[in-house]
Amino acid sequence: MIKAVTFDFWNTLFVDRAAPDRELLRAQVLAAELLELGCRVDETRLSAALTHGFDYFDRVWRDEHRTPDAAEILDAQLLELGVTMPPDVRERVIERFAGLVLELPPDEVPGASRIVAELAASYQLAVIC
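Residues numbered from 1 in each chain as written. Predicted model: local features only at pLDDT ≥ 70, side-chain atom pairs only at ≥ 80, totals over all residues. Heavy atoms only, no water.

On to the overall build of the protein chain, then. Along the backbone of the protein chain there are 5 helices and 4 strands. Mapped from its N terminus to its C terminus, the protein chain presents α and β elements in the order β-β-α-α-α-α-β-α-β. What you see for the protein chain is a C-alpha radius of gyration of 18 Å, clearly larger than the 14 Å of a compact globule of 129 residues, by over 25%. Overall size of the protein chain, expressed as C-alpha extent along the three principal axes, is 60 × 25 × 25 Å. Residues classed as buried in the protein chain amount to 29% of the 129 residues present. Of all intrachain contacts in the protein chain linking residues separated by at least 6 positions in sequence, the fraction that spans at least 24 positions is 72%. (Helix = DSSP H or I, 4+ residues; strand = E, 2+ residues; numbered from the N terminus. Rg over C-alpha atoms; globule rule 2.2 N^0.38 Å. Buried < 20%, exposed > 50% of the residue type's maximum accessible area, 1.4 Å probe, protein only. Contact = heavy atoms within 4.5 Å.)

This is the structure:
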């Protein structure tokens, strides 16, 4: 007898079509904050740092079976750039990066909410990610 049904969030209930726009905003935010600190970073270095952050995310997710937070990813990017930020600036960037998924949220997979509602009438549900 089935007692519960679990769903994966990404690419099952929601799909992320806004990722490229979110990445552009991350690049703009990081470049602007660094410029405020007197550190001009060219597009090539900035792109490499952002890629390094994604590589870090993937490595931690795959090897440690956890999702690194925005602070860890930013720290990996700053390490790649060889730059440090004052704590208040770092916290502001972390907050902005973390909030981008709410500003540009993923889209619901068509029919997902209907199916979840139907299953909720008969089963305990859980979302895993």
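Per the stated rule, a full pass over the model turns up 2 aromatic pairs. Pairwise contacts between aromatic rings join Phe9, Trp10 and Phe14 into one cluster. For arginine 26, the ring lying beneath its charged end belongs to phenylalanine 97, and the centroid distance is 5.9 Å. (Phe/Tyr/Trp six-rings, centres within 6.5 Å; stacked < 30°, edge-to-face > 60°. Lys NZ or Arg CZ within 6 Å of the ring centre and 35° of its normal.)

With that settled, consider the pairing of strand 1 (residues 4-8). Side chains Val5 and Phe7 of strand 1 all project onto a buried face; the interleaved residues Ala4, Thr6 and Asp8 project onto a face where none is buried. Pairing of strand 1 with strand 4 (residues 124-128), which is carried by 5 bridges, proceeds in the parallel orientation. Among the inter-strand pairings, threonine 6 is bridged to a residue of strand 4, identified as alanine 126. (Pairing = 2+ DSSP bridges.)

Evaluated as defined, the whole model comprises 11 salt bridges. For aspartate 107, the salt bridge identified is with arginine 17, shortest N-O distance 3.4 Å. Here aspartate 107, found in strand 3 (residues 107-108), pairs with arginine 17, found in the loop between strand 2 (14-15) and helix 1 (19-36); they are 90 residues apart in sequence, far enough to count as distant. Given the relative accessible area of 54%, arginine 17 is considered exposed. Its salt-bridge partner being glutamate 23, residue arginine 26 comes within 2.0 Å of it at the nearest N-O pair. Highlighted residues: arginine 26 and glutamate 23, both in helix 1, separated by 3 residues, approximately one helical turn. For arginine 26, a relative accessible area of 17% corresponds to the buried category. Taken together, the shared-partner salt bridges in this structure form one network comprising Glu64, Arg66 and Glu72. (Salt bridge = Lys/Arg side-chain N within 4 Å of Asp/Glu carboxyl O.)

The biggest cluster of nonpolar side chains holds 19 residues, and the ones touching the most others in it are Leu30, Leu34, Leu74, Leu78, Leu81, Met85 and Phe97. Counting only elements with at least two residues in this core, the list comes to helix 1, helix 2 (43-64), helix 3 (70-81) and helix 4 (87-103). Of the residues forming this core, the biggest block, 5 residues, is contributed by helix 3. Not counting residues up to four positions away in its chain, the partners in contact with leucine 74 are Leu30, Met85, Arg90, Val93, Ile94 and Phe97. (Core = buried A, V, L, I, M, F, W, Y, C linked by side-chain atoms within 4.5 Å.)

Moving on to the packing of helix 1 against helix 2. Between helix 1 and helix 2, the least distance of the axes is 11 Å, while the angle of their chain directions is 120 degrees. Relative to helix 2, the element helix 1 lies oblique. Crossing handedness for the pair helix 1 and helix 2: right-handed. For the pair formed by helix 1 and helix 2, the contact residues are Glu23, Arg26, Ala27, Leu30 and Ala31 on the first element and Leu46, Leu50 and Phe54 on the second. Its residues placed into classes, the contact of helix 1 with helix 2 shows 6 nonpolar, no polar and 2 charged. (Axes fitted to C-alpha atoms, helices over the stretch in contact; angles between N-to-C directions. Parallel < 35°, antiparallel > 145°, perpendicular 65-115°, else oblique. Left-handed = near helix turned anticlockwise from the far one by under 90°. Nonpolar A, V, L, I, M, F, W, Y, C, P; charged D, E, K, R; others polar.)

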